[in-house]
Amino acid sequence: MHGFISLEDITAHWVAKGRLRSSLQIRYLDKSSIVVPGLSDSHAHILEYGANRQLPLGGGKTIKDTVALVRQYILDNGDILDDSSKFIEGWGWDHTSWLVKEWPTSDALEMDPIVRGRPVVLQSKDGHALWISKKAFELSSPWPSEVEGGVIVKDSFGNPSGVLLDNAQDLVKRPAPTEQDLLRRFNATVNDALSYGLTSIHDAGFNPISLEFFTRQATAGNLPVRIYGMRYFEESGSYWGNLSKPIINAGNGRLNARSVKIFADGALRSGGAALNEPYCDNPHTKGFMRLDPKVLTDVIPKYLRDGWQVNVHAIGDYANGVVLDTFETALKDVNVTALRPRLEHAQILTKTDMERVGKLGVIASIQPTHAISDMWFAEDRLGSERVKGLYAFRSLLDHGSRLAFGSDFPVEDMNPLSGFYAAITRLSPEGQSPSGPSGWFPEQRLTRMEALRGMTIDAAYASFTEGNLGSLVPGKQADYVVLSQDIMTIPVGQILSTKVQATVIDGRPAFGQI
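Residues numbered from 1 in each chain as written. Predicted model: local features only at pLDDT ≥ 70, side-chain atom pairs only at ≥ 80, totals over all residues. Heavy atoms only, no water.

Packing of helix α7 (residues 179-195) against helix α8 (residues 208-219) leaves a shortest axis separation of 11 Å and a crossing angle of 75°. One finds that α7 runs roughly perpendicular with respect to α8. On the side of α7, the interface is formed by E179, L182, L183 and F186, while α8 contributes I209, F213, F214, R216 and Q217. Grouping the constituent residues of the contact of α7 with α8 by class yields six nonpolar, one polar and two charged. (Axes fitted to C-alpha atoms, helices over the stretch in contact; angles between N-to-C directions. Helix = DSSP H or I, 4+ residues; strand = E, 2+ residues; numbered from the N terminus. Parallel < 35°, antiparallel > 145°, perpendicular 65-115°, else oblique. Contact = heavy atoms within 4.5 Å. Nonpolar A, V, L, I, M, F, W, Y, C, P; charged D, E, K, R; others polar.)

Moving on: a nonpolar patch on the surface. Together, L29, V35, L472 and I514 make up an exposed nonpolar region whose accessible area comes to about 290 Å². For L29, the position within the fold is in the loop between α1 (7-16) and β1 (34-37). (Patch = residues over 30% accessible without salt bridge, like charges linked within 9 Å, V, L, I, M, F, W, Y side chains within 5 Å. Areas by Shrake-Rupley, 256 points an atom, 1.4 Å probe, with all protein chains shown as cover. Salt bridge = Lys/Arg side-chain N within 4 Å of Asp/Glu carboxyl O.)

The next point concerns the pattern of salt bridges. For the structure on display, the rule yields 28 salt bridges. Two residues, D306 and R305, come together in a salt bridge whose shortest N-O distance is 3.5 Å. Judged by relative accessible area, R305 falls into the exposed class, the value being 59%. Residue E466 pairs with R340 through a salt bridge whose shortest N-O separation is 2.8 Å. With E466 in the loop between α19 (457-462) and β16 (480-483) and R340 in the loop between α12 (336-339) and β13 (342-345), the pair connects residues that are 126 residues apart, well separated along the chain. (Buried < 20%, exposed > 50% of the residue type's maximum accessible area, 1.4 Å probe, protein only.)

Here we come to the nonpolar core. In this structure, F214 and I262 are the most contacted members of the largest nonpolar core, which totals 102 residues. Residues in contact with F214, not counting those within four places in the same chain, are I46, L47, F186, D203, F206, L223, I227 and L255. (Core = buried A, V, L, I, M, F, W, Y, C linked by side-chain atoms within 4.5 Å.)

This brings us to the sheet that holds β16. In spatial order, the strands read β1-β16-β17-β18; together these four strands make up an open sheet with antiparallel pairing. Edge positions in the sheet fall to β1 and β18 (508-512), since each has one partner strand and no second. Shown here is a sheet whose adjacent strand axes are inclined to one another by a mean of 25°, direction ignored. Two elements, β1 and β16, share four bridges in a ladder whose sense is antiparallel. Bridge pairing links V36 to V481 in β16. (Pairing = 2+ DSSP bridges.)

Quick look at the structure:
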């Protein structure tokens, strides 16, 4: 109630409208609590997070450890143990965190007698690599010698060793998930999301199966959170922007799918990010583009013309430069506010391109927790100068960029306060960084208000919903979160201990209570 400063004023206003005083419901918060607008994750993978919960692999610190996790999963599930033809899928292995930083192999899976001979497909932490078994290779044959925009990793004899990068992942044949599978994954994600205060999630890649699933849930009124979907553009597929209409405010305003997600390159962790100069720790490669830049030049203007927001995954400085070149041409003499193109990740940028992001009005969709995950190996990979352009959030903001925060879950922790903490400290949860306790490149830290905006009003802008979401003002929908502590004032070391006491959507508690 803007303008009213006391409970008495609010009560008088309520009664003046002809309502009974006793019908005014009053809720009291703990003195230490704070109310913030509903929190958004601007880049996440909803169904993949739920699938990851089935067989998480992040706990494995060696290849052998990770194979042991697969073995235990088989032993714990009798239906899989008794049927060696059932596909086994897991998520989260990270070779950069292993004691020996090397790619895993199919042979490593075959060495375990319980795992041997089964179709196993294991997704890497960053989602840009698959580790598959020999049986999975066999079921997906024949294999090409090369893949445009991807890599089939090979051994010293030139044979596939068991890892597929980026577009090569699409060659793996596996059973489509059942409706029961999808519901289980969705419910697992939503339950966690609400417990962390998330009221809106931008899903960074609706494929036909997930698009149809979320549309069915919206029709059935079964979307407990707001979902903003990016429809997936297949690099080798045909243009569909003029054949399909955006979904706007379906399911009582809970589902929107008005954007397209295009992959320009791979990921830094797996060495697929497209760079201007070779990797310092692998000077034989500059990474690679997942599509020909001519495809971007062709389809981006078409999607914008046909009313779609264009969100492009770009990690390396070369990829970001190519995408910005395309945006710059496509955005001439148009209303950028009506189109709101996005760089998904915007990780490594030259100084010139940092300036261009702001000048063009392109939204930088960033993931602060990626910075504190990658800071331990980033300089070895990029060198002491180029690394200064990696996760340079302050520079982007100072050049006029609008930052929308996400986590990329399940790649990183879903908790939005983890991203808030990472953005303002650039420290690990334990308070560490390669640069010491002041943070990794501390000059790139954001203020608490800037970080909060990235999770609320600026995330809403990135999804065309700032008119009714993202802030607590009269006339907007009542999406808000009650936190146990004031994250805007408490010592930074206490931020990650903050609990969500209630998550409220459309004025109704979806988690917790007040």
